[in-house]
Amino acid sequence: MAITMRSHAEKTSDLERVRRNTHLALLVALASAVHTIEAAIPSPIPWLKFGFANILTITAISLYDFWAGLTVAFLRIMVGSLIIGSFLTPSFFIGLSGGIASAVVMGISYRFFGGLFSLVGISVLGAYASNMAQIGTVYLIFIRHSEVFMLLPVFLGFGLITGIINGIGGEFLVSHIRKLPAFRSVV
Amino acid sequence: MLTISDKILIASLTILTLFSYSIASGGRQGDEIRIEADGKVIGTFSLKKDGLHEIKGVLGASRIEVKDGKTSFLSSPCKNKLCIHQGEINKSGQMAACLPNRVVVRVLGGDGDYDALTR
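Just so you know, these numbers come straight off a predicted model, no measurement behind them. (Residues numbered from 1 in each chain as written. Chains lettered and ligands numbered in written order. Predicted model: local features only at pLDDT ≥ 70, side-chain atom pairs only at ≥ 80, totals over all residues. Heavy atoms only, no water.)

What am I meant to see in the sheet that holds strand β3 (residues 51-56) of chain B here?
Hydrogen bonds along the backbone pair up the strands of a sheet, which may run parallel or antiparallel. All names here are of chain B. Read from one edge to the other, the open sheet built from three strands follows the order β3-β4-β5, with strand pairing classed as antiparallel. Both outer strands of the open sheet, β3 and β5 (70-75), are each paired with one neighbouring strand and no more. In this sheet, neighbouring strand axes are inclined to one another by 25 degrees on average, regardless of whether the strands run parallel or antiparallel. For β3 and strand β4 (residues 61-67), the ladder comprises six bridges, and the chain directions are antiparallel. When the sheet's bridge partners are listed, G51 is paired in β4 with V66. (Pairing = 2+ DSSP bridges. Helix = DSSP H or I, 4+ residues; strand = E, 2+ residues; numbered from the N terminus. Axes fitted to C-alpha atoms, helices over the stretch in contact; angles between N-to-C directions.)

What exactly am I supposed to notice about the side chain of S62 of chain B here?
Residues and elements named next belong to chain B. Relative to the helices and strands, S62 is located in strand β4. By relative accessible area, S62 is classed as buried at 0%. Engagement of the side chain of S62 in a polar contact is seen with the side chain of S76, the distance being 2.8 Å. Looking at S62, its side chain comes within polar contact range of the side chain of N101, at 2.8 Å. Residues in contact with S62, not counting those within four places in the same chain, are H53, E54, I55, F73, S75, S76, P77, N101 and V103. (Buried < 20%, exposed > 50% of the residue type's maximum accessible area, 1.4 Å probe, protein only. Polar contact = N/O pair within 3.5 Å; in protein donor to acceptor, adjacent residues only side chain to side chain. Contact = heavy atoms within 4.5 Å.)

Help me understand the sheet that holds strand β7 (residues 103-108) of chain B, please; the structure alone is not making it clear to me.
Residue and element names in this part refer to chain B. Spatially, β2-β1-β7-β6 is the arrangement adopted by the four strands of the open sheet, whose pairing is antiparallel. Every other strand in the sheet has two partners, leaving β2 (40-46) and β6 (95-98) as the edge strands with one partner each. Here the average twist between neighbouring strands, direction ignored, is 15 degrees. In this structure, strand β1 (residues 32-37) lies alongside β2, joined through six bridges in antiparallel fashion. When the sheet's bridge partners are listed, E36 is paired in β2 with V41.

Got a minute to help me understand the pairing of β6 of chain B in this structure?
Along a regular strand, successive side chains alternate from one face of the sheet to the other. Residues and elements named next belong to chain B. Burial along β6 is one-sided: the residues A96 and C98 are buried and none of M95 and A97 is. As paired elements, β6 and β7 share four bridges and run antiparallel to each other. Each bridged residue has a counterpart across the sheet, and for C98 the counterpart in β7 is V103. Remark: four residues form the turn of the hairpin made by β6 and β7, two consecutive strands paired antiparallel; R102 in that turn has positive phi of roughly 60 degrees.

I keep staring at helix α4 (residues 90-113) of chain A and nothing clicks. Help me out?
Given 3.6 residues to a turn, an α-helix orients residues that are three or four positions apart in the same direction. Residue and element names in this part refer to chain A. An ideal rise of 1.5 Å per residue puts 34 Å on 24 residues; α4 measures up with 34 Å between its terminal C-alpha atoms. Within the span of α4, buried status applies to F92, I94, L96, S97, G98, G99, S102, A103, M106, G107 and S109. On the buried face of α4, the contacting elements are α2 (53-63), α3 (66-84) and α5 (119-142). (Expected span 1.5 Å × (residues − 1).)

Would you mind going over the packing of helix α1 (residues 12-38) of chain A against α2 of chain A with me for this structure?
The description of two helices packed together rests on the angle between their axes and the distance between the axes. Residue and element names in this part refer to chain A. Contact geometry of α1 with α2 gives a least axis separation of 8 Å together with a crossing angle of 160 degrees. Of the possible angle classes, the one that applies to α1 and α2 is roughly antiparallel. Considering how the two elements wind past one another, α1 and α2 form a crossing that is left-handed. Contact with α1, carried on its side by L24, L27, L30, A31, V34, H35 and E38, involves A53, L56, T59 and A60 of α2 and no other residues of that element. Of the residues belonging to the contact of α1 with α2, the class tally is eight nonpolar, two polar and one charged. (Parallel < 35°, antiparallel > 145°, perpendicular 65-115°, else oblique. Left-handed = near helix turned anticlockwise from the far one by under 90°. Nonpolar A, V, L, I, M, F, W, Y, C, P; charged D, E, K, R; others polar.)

Explain the environment of A40 of chain A here, please?
Residue and element names in this part refer to chain A. Tracing the backbone shows A40 in the loop between α1 and α2. Look at A40 and you get exposed, because its relative accessible area is 64%. A C-alpha to C-alpha distance of 9.3 Å links A40 and I84, two positions 44 residues apart in sequence.

Structure follows, in structure tokens:
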């Protein structure tokens, strides 16, 4: 099913802006849905999730820019937590710190090392940043017990695996999206 | 799809993950031990002072030794002597216990003995 969207914008710059906002809105909607569904997956460690929504963050970074990625990440955590009902709960703050840290790290590494790494490498860096930020938040705000760091190997190993999976997913998604007519003007 | 830099990154992070296993299980040397018998706290003792503690439990007296910053059960009136077989403990959070005699030795650490505090 092909969707044709017409815009009333006349200037190219306006059209660019509209297109960007529309695409980001779609990505935020998708990411929120993924975030919500993923919260239903049980896990021995409550806040440790695959983070599949990060695939959409990295898609935004790859298709657009750093701020696009940050926007998608921030908004999907907001919307997702409102839907789940975990807004402003401890797990919300933990997830927020991880998501923002991940988006920032991925955005910066893509900007400077985008040529060196494929999206897999960027995603792995983001996953690590997310896990570090989450453990850090848990330690600083909730459990000031250095024994929390005993979870470190589990997090790092798990982060590596999910980073790779998300990166591969991101690569597939971006390469497919670039072929769609709606995204033809986005390099 | 995977560039060389990707593979280097993944390889080095794998090594880092394996390395973090040794950091995580390191634990911290405890400063004091707390001995409880039959659910009641008998006392808190320093791990830095060598000594022998005779603790009276429900079955009899268990002897707990503190030596070189570590503590262990020396003798106990239980049947299995599992407490003695546990060996020495010294990291904060570690615990040795003689269940039949209801004697528990817990190593206290710098972070205090609380898992979480709300203020």
